[in-house]
Amino acid sequence: ELNDYSEPEPDIAVLKFREDFYAEKHPLPVDVILLIEVADSTVVTDKKVKMPLYAKSGIPELWIVNLQENVIEVYKDNESGVFKTQKSFKKGDTLPLSNFDISIKIDQILQ
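Predicted model only: the values in this text are computed from it and were never measured.

Caption draft 1: Layout of the overall build of the protein chain. When helices and strands are tallied, the protein chain shows one helix and seven strands. Along the chain direction, N to C, the helices and strands of the protein chain fall in the order β-β-α-β-β-β-β-β. In terms of overall dimensions, the protein chain has C-alpha extents of about 40 × 30 × 25 Å along its principal axes. Relative to its full complement of 111 residues, the protein chain shows a buried share of 35%. Pairs at least 24 apart in sequence give 42% of the contacts found in the protein chain among residues at least 6 apart.

Caption draft 2: Expanded view of helix H1 (residues 43–56). Along its 14 residues, H1 runs 19 Å from first to last C-alpha, staying within 8% of the 20 Å computed at 1.5 Å per residue. Of all the bends found along H1, the most pronounced is centred on Lys 50 and spans about 40°, while Pro 52, a proline, follows it within four residues. Residues of H1 that are buried: Val 43, Asp 46, Lys 50, Met 51, Tyr 54 and Ala 55. Buried residues in H1 make contact with strand S2 (32–39), strand S3 (61–66), strand S4 (71–79) and strand S5 (82–89). Gly 58 occupies a position one or two residues after H1 and carries a positive phi of about 95°.

What counts and what doesn't
- Residues numbered from 1 in each chain as written.
- Predicted model: local features only at pLDDT ≥ 70, side-chain atom pairs only at ≥ 80, totals over all residues.
- Heavy atoms only, no water.
- Helix = DSSP H or I, 4+ residues; strand = E, 2+ residues; numbered from the N terminus.
- Buried < 20%, exposed > 50% of the residue type's maximum accessible area, 1.4 Å probe, protein only.
- Contact = heavy atoms within 4.5 Å.
- Expected span 1.5 Å × (residues − 1).
- Bend = angle between axes of the 7 residues up to and from the residue.

Structure representation (structure tokens):
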């Protein structure tokens, strides 16, 4: 739930722990660690519609798994409702998870 009028549904949401596991109410932007959108036919909508909504709402990090270009686009460093950092990762690359002390090999995600 981004605000009273917007409740997009990302494909994956990595959220901060909460005792009720979000059973009592939907997560708010302050609860979000990372959102992931898997995009094939929805790449334009995810970038032009959802991404600005996420940024303006204070989401700290967004990944778009862009199946058309076979890359993972990482948007982070949200300042004043704008993602300041954008980087693309392709097969053979390793993607560090900034909030965790681990990395993911892109080959494990993109086949």
